Amino acid sequence: MPVFSVTPDAVELDGKPFQVLSGAIHYFRVLPEQWGDRLRKLRAMGLNTIETYVPWNLHEPRPGEFDFGGRIDLGRFLAEAAEAGLYAIVRPGPYICAEWDNGGLPAWLRAAEEIPLRCHDPRFLEPVDRFFDRLVPHLVEHQVTRGGNVLMVQVENEYGSYGSDRRYLRHLADGLRARGIEVPLFTSDGPTDLMVTGGTLDDVYATANFGSRPAERFAEMAALRRWPSFCMEYWNGWFDHHGKDHHVRPAAEAAATLAALVDAGASVNLYMAHGGTNFGFLAGANAVGEHLDDVYLPDVTSYDYDAPLSEHGALTPKYWAFREVLGRGVELPDPPSEQPKTLPAGRVELTERLSLLDCLDVLSTGTVHSAVPKTLEELGQAYGLAVYRTRVPGPRTGHQLRVKGLHDRALVLVDGSPAGVLDRNGPVALPLEIADDAADVTLVVEAMGRVNYGPLVGERKGIVGGVFHGQQLVHGYEIDPVPLDDLSVLPWGRETGAAGPVFHRGVLRVDEVRDALLALPGWHKGYVWVNGFNLGRYWERGPQVTLYVPWPLLREGDNEIIVLELDAEPAARSVEVREEPDLGPATTYIAT
């Protein structure tokens, strides 16, 4: 079996210098039926290794309940990578960033209290150790030391961007070793003094993350830590936020930087080689500002990342440019000659309609009565909506209804009629005049992605502060948690008429199963399900226009499409099927 080793002087495989040419592909962002196709295409591009994160929040959705099967069968993914002729690098966290909700940390960590995260506090280490006890055995058998393909395993992730707890990093490293990890361990951080000195261990391979100027970046790193040059995240593209442009990086320029890395003898991991999709509610978010705790920017559903292999598996100009660099002097497998096919253009009429507020009896996990608003985490819920109902006494004039700590968006109804939309970034208040003895107020609160980078990681969702009328706290709530994890319970055909969010349903007829691309012109904000699978969020703010529907979700004949529109009636109750993806207006971006 191969012997892979890292010393301060060299990276070697079977005693010979080995240049790791890796690319990131996350098994949890791609359906299992498509893993083999994507992996073979990456091998044909010239990679000898792939890299993946491991999302704790998917593998342990509730405390002590573990899932390593189906869509998130890590062992199967690693085996398929080996079949494609690829080694693997695994980054198990517990924190992964990845533009993934909460950086992969489970929401339930802070259900009872705001425990410290990513440090050696026992309230955090205990659940981490429990997770690693269950996760690491799935990795051990796939190590190259055991005849598998896993070359390296990461300790935490970009920790120097967050903290400086070396005792915590040592606990993780020692724990990985004690559980059977024999291959080299590594850390990855930006090559700055702040990040490297805070996020590394002296005896663990320190790698660097950057997007340009490799010679300069490696020189910075070498001045701080003496290890073979490895760019663990070469940012050849970038991710997108709602309300901003779609990021692209020119293929020729990105390939030139890759060539500089390869020609210098450095190892490299393309971030991303194939991005995939943030299905469901799992897209993350950033908070920007001097200290990364100000304006909230949620990520879009697509994680295309302007990667060489597109979201739906197409070979892009960047793919061919990278293949030219990676294939110099090497015989590579032939990539497929045809691009993936999509369904022909068309329109799907959504003829059925059902108000969400008329269905709380089947959608809610149980009405909760409370003096003050509870967060989603306190309600035992990770994602979706929460409906808060309260009564404000009157008569009153000249006061505003204000929500403190709104995470993240709320449709407000007064006596059953829409009164406005509040948003985490503002407005967080609206006028509320009460002519009679009281007003019934309903807030339908949507939780968008949790911040995945910086000090706000671990934030709670829902109403995390309180509701005020003027300066007065509003008390007394009926709260319905609405996780939206099973729409099969919807009572289609029920008489409905309540204002607020509305489900719309129609049938997509398919003659030949292919990938599909859905657009929702004239719709405002919400989510789309195909045959019960949550594709993710749409929002008229863009930039993303089309949602990707992978072919394994479809079947010949009739396919159910459900759209939950949160804000207002669409211009037309139909969705479009398009033949090409549209991720919105683009802006050129080159990461530092």
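Predicted, not measured: the structure shown is a model, and the values here were computed from it. (Residues numbered from 1 in each chain as written. Predicted model: local features only at pLDDT ≥ 70, side-chain atom pairs only at ≥ 80, totals over all residues. Heavy atoms only, no water.)

Visitor: Describe the overall build of the protein, and please don't skip the residues or the numbers.
Guide: What the protein contains, in helices and strands, is 10 helices and 33 strands. Here the protein has a C-alpha radius of gyration of 25 Å; the compact-globule value for 592 residues is 25 Å, and the two agree. For the protein, the spread of C-alpha atoms along the principal axes amounts to about 85 × 55 × 40 Å. Within the protein, counting contacts between residues at least 6 apart in sequence, those at least 24 apart form 80% of the total. For the protein, the accessible area works out to roughly 21,900 Å², and carbon and sulfur atoms hold 50% of it. Here the protein contributes 54 positively and 82 negatively charged side chains, and the mean placements of these two sets differ by 2 Å. (Helix = DSSP H or I, 4+ residues; strand = E, 2+ residues; numbered from the N terminus. Rg over C-alpha atoms; globule rule 2.2 N^0.38 Å. Contact = heavy atoms within 4.5 Å. Areas by Shrake-Rupley, 256 points an atom, 1.4 Å probe, with all protein chains shown as cover. Lys, Arg positive; Asp, Glu negative; His and termini not counted. Charge placed at Lys NZ, Arg CZ, Asp CG, Glu CD.)

Visitor: Give a detailed account of the layout of surface pockets, specifying residues and quantitative values.
Guide: Here the largest pocket is characterised by a volume of approximately 1,100 Å³. Lining the largest pocket are 31 residues, and of these Pro 61, Arg 62, Ala 382, Tyr 383 and Asp 485 sit closest to its centre. Those elements giving two or more residues to the lining of the largest pocket turn out to be helix 2 (56-59) and strand 29 (533-539). The residue makeup of the lining of the largest pocket, split by class, is 19 nonpolar, 7 polar and 5 charged. (1 Å grid on protein atoms, 1.4 Å probe; cavity = no way out; pocket = protein on both sides within 12 Å on 5 of 7 lines; lining within 4 Å. Points joined across faces, edges and corners; volume = space filled by probe spheres on them. Nonpolar A, V, L, I, M, F, W, Y, C, P; charged D, E, K, R; others polar.)

Visitor: Account for the environment of Pro 116, naming residues and giving values.
Guide: Relative to the elements of secondary structure, Pro 116 occurs in the loop between strand 6 (87-91) and helix 4 (122-140). Using a relative accessible area of 28% as the deciding quantity, one classes Pro 116 as partly exposed. Between the alpha carbons of Pro 116 and Gly 366 there is a distance of 30 Å; along the sequence they are 250 residues apart. Those residues in contact with Pro 116, other than ones at most four positions away along the chain, are Arg 110, Asp 121, Arg 123 and Phe 124. (Buried < 20%, exposed > 50% of the residue type's maximum accessible area, 1.4 Å probe, protein only.)

Visitor: Please give an account of the sheet that holds strand 25 (residues 477-482) that cites residues and values.
Guide: Pairing is antiparallel across the open sheet formed by 6 strands, whose spatial order is 16-25-17-22-19-20. Every interior strand has two partners, whereas the edge strands, strand 16 (368-370) and strand 20 (417-423), have only one. On average, each strand axis in the sheet is inclined to that of its neighbour by 20°, with strand direction left out of account. Strand direction decides the pairing type here: strand 16 and strand 25, joined by 3 bridges, are antiparallel. Paired with Val 368 across the bridge in strand 25 is Ile 479. (Pairing = 2+ DSSP bridges. Axes fitted to C-alpha atoms, helices over the stretch in contact; angles between N-to-C directions.)

Visitor: Got a sec to walk through the pairing of strand 5 (residues 49-53)? Specific residues and values, please.
Guide: Of all the 5 residues making up strand 5, 5 are buried; the element is thus mostly covered by neighbouring parts of the structure. Residues Thr 49, Glu 51 and Tyr 53 of strand 5 are buried on one face, and the alternating residues Ile 50 and Thr 52, pointing to the opposite face, are buried as well. In this fold, strand 4 (residues 21-25) hands off to helix 1 (residues 32-45), which returns the chain to strand 5; that crossover is right-handed. In terms of strand pairing, strand 5 meets strand 6 through 5 bridges, oriented parallel. (Right-handed = clockwise from strand over helix to strand, strands pointing away.)

Visitor: Before we move on, could you go through helix 4 and cite the residues and values that matter?
Guide: An α-helical turn contains 3.6 residues, so any two residues separated by three or four positions project in the same direction. Between its first and last C-alpha atoms helix 4 spans 25 Å; for 19 residues at 1.5 Å apiece the expected length is 27 Å, and the two agree. Asp 133 marks the point of greatest bend in helix 4, at about 30°, and the proline Pro 137 comes within the next four residues. Taken together, the buried positions of helix 4 are occupied by Phe 124, Leu 125, Pro 127, Val 128, Phe 131, Phe 132, Leu 135, Val 136, Leu 139 and Val 140. For helix 4, the elements touching its buried residues are helix 2, helix 3 (74-83), strand 6 and helix 5 (166-178). In this structure Asp 121 caps helix 4, since a side-chain oxygen of it lies 2.8 Å from the backbone nitrogen of Arg 123. (Expected span 1.5 Å × (residues − 1). Bend = angle between axes of the 7 residues up to and from the residue. Polar contact = N/O pair within 3.5 Å; in protein donor to acceptor, adjacent residues only side chain to side chain.)

Visitor: Which residues make up unusual backbone geometry, and what values go with them?
Guide: Residue Pro 94 follows Gly 93 across a cis peptide bond; omega there is 20°. Mapped onto the fold, Pro 94 is located in the loop between strand 6 and helix 4. Cis peptide bonds are those with omega within 30 degrees of zero, and the linkage from Gly 426 to Pro 427 qualifies with 0°. Structurally, the position occupied by Pro 427 is in the loop between strand 20 and strand 21 (429-431). Located in the positive-phi region is Arg 213, a residue other than glycine, with phi close to 50°. Tracing the backbone shows Arg 213 in the loop between strand 9 (205-210) and helix 7 (214-224).

Visitor: Which residues make up the side chain of Glu 459, and what values do they have?
Guide: Mapped onto the elements, Glu 459 comes out in the loop between strand 22 (438-447) and strand 23 (462-469). Here Glu 459 falls in the buried class, since its relative accessible area comes to 10%. Separated by 2.6 Å, the side chains of Glu 459 and Arg 424 make a polar contact. Side-chain polar atoms of Glu 459 contact the side chain of Lys 461, separated by 3.0 Å. Excluding anything up to four places from it in sequence, Glu 459 contacts Asn 102, Arg 110, Tyr 296, Glu 377, His 407, Arg 424, Gly 449, Arg 450 and Val 451.

Visitor: Can you break down the pattern of salt bridges residue by residue, with the values?
Guide: Evaluation of the coordinates by the stated rule reveals 44 salt bridges. Of the charged contacts, one joins Arg 76 and Glu 80 as a salt bridge, the two residues approaching to 3.1 Å between their closest N and O atoms. One end of the pair is Arg 76 and the other is Glu 80, both in helix 3 and 4 residues apart, which spans about a single turn. A salt bridge links Glu 377 to Arg 450; its shortest N-O distance comes to 2.7 Å. (Salt bridge = Lys/Arg side-chain N within 4 Å of Asp/Glu carboxyl O.)

Geometric values such as these leave the question of function open.
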